[in-house]
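Close look at the chain arrangement
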Amino acid sequence: MNGSQLPEKPDYEVDFPIERVEAEHVSRREFAKFLCLVSGGMAVGTAWVAVKDTLFPPHRIEGEVFVCKTANVPLGGTHAFTVPGSRTPFILIHLNDGSWRAYEQKCTHLSCAVYYQPQADKIECPCHNGWFDARTGNVLQGPPPRPLPHLEVVLKGDDIYVAEPKTV
Amino acid sequence: MSSFRKAQRQAHPAKTNTLLLGVICVLILILTMQIWLLTASLNQSLEGDNAVKWPAFIASALLFSSGAALLRYLPDPIRRAKKATRAEMRRRDP
């Protein structure tokens, strides 16, 4: 260093500047590096989705699971149940035309509980006014991105069982 | 070392500026694509479709690698570049 130049700032003064303006200043170079850091986070997030889904696949029902008797659910009524080995809530719906459906009771938007509305013959998510078709589970209106996951209902006399839906 | 770089810097003073802006724009574009990949793979995974998750991860990792490689082309701060030029000139002509 020669006498005509100002002395260089020490490292500690660069890292912890006295002036607030200097401390809060983010250079474009730092911003670019931060963008790259977030990009790495996105890659890790996508890896987490893939690994979690591969190592811990969603619980599948083995065979048929007894739910209740047909007499317990009147026409237009519902019955909440869970299957052994899982804490996911399901609802069994006795539709107005006498048919049966079983859906997961968690909205596909933000997992709020959904309710069957027998007058409209639709399933409602009251959190964000999402509506599902009670016959198919498809989204009719609102923010839910996917249909409601469903189970197959099997009637054996007066007993109602549910099973994993058959894949085509 | 010739004074070619120094002359270039003087002739096009906004070059560093343009380069930095370009790198930041490309990084934002990469990030946008990665957000889309993450939401798409999460959505498909929750729907039970397993075909998307690994290709989405590979694409996201490639995008991240290209973004990280792009950081190499961030221009040096002008202050540091000037300092290096001065040091070089002093070394050649003490």
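Residues numbered from 1 in each chain as written. Chains lettered and ligands numbered in written order. Predicted model: local features only at pLDDT ≥ 70, side-chain atom pairs only at ≥ 80, totals over all residues. Heavy atoms only, no water.

A regular strand places its side chains so that they alternate between the two faces of the sheet. Residues and elements named next belong to chain A. With 4 of 5 residues buried, strand E10 (residues 159-163) lies mostly within the body of the structure. Sheet topology places strand E1 (residues 65-69) next to E10; 4 bridges connect them, and they run antiparallel. Across the sheet, Lys-69 pairs through a bridge with Asp-159, a residue of E10. Of the pairings in the sheet, the one linking strand E9 (residues 150-156) to E10 comprises 5 bridges and is antiparallel in character. Bridge pairing links Val-154 to Tyr-161 in E10. Two successive antiparallel strands, E9 and E10, enclose a turn made up of 2 residues, where Gly-157 displays a positive phi of approximately 70°. (Buried < 20%, exposed > 50% of the residue type's maximum accessible area, 1.4 Å probe, protein only. Helix = DSSP H or I, 4+ residues; strand = E, 2+ residues; numbered from the N terminus. Pairing = 2+ DSSP bridges.)

Pairing of strand E4 (residues 100-104) of chain A with E9 of chain A, which is carried by 2 bridges, proceeds in the antiparallel orientation. If you follow Ala-102 of chain A over to E9 of chain A, its bridge partner there is Leu-151 of chain A.

Before going further, it helps to examine the state of the cysteines. For the structure on display, the rule yields 1 disulfide over all chains. The disulfide partner of Cys-112 of chain A is Cys-127 of chain A, and the gap between their sulfur atoms is 2.1 Å. Judged by the torsion about the S-S bond (-100°), the Cys-112 of chain A/Cys-127 of chain A disulfide is left-handed. On the criterion of sequence distance, the pair formed by Cys-112 of chain A in the loop between E4 and strand E5 (115-117) and Cys-127 of chain A in the loop between strand E6 (122-125) and strand E7 (130-133) is long-range, its members being 15 residues apart. Take Cys-112 of chain A: its relative accessible area is 17%, and that puts it in the buried class. Cysteine Cys-25 of chain B is unpaired, with the sulfur of Cys-36 of chain A as its nearest cysteine sulfur at 15 Å. (Disulfide = S-S within 2.5 Å.)

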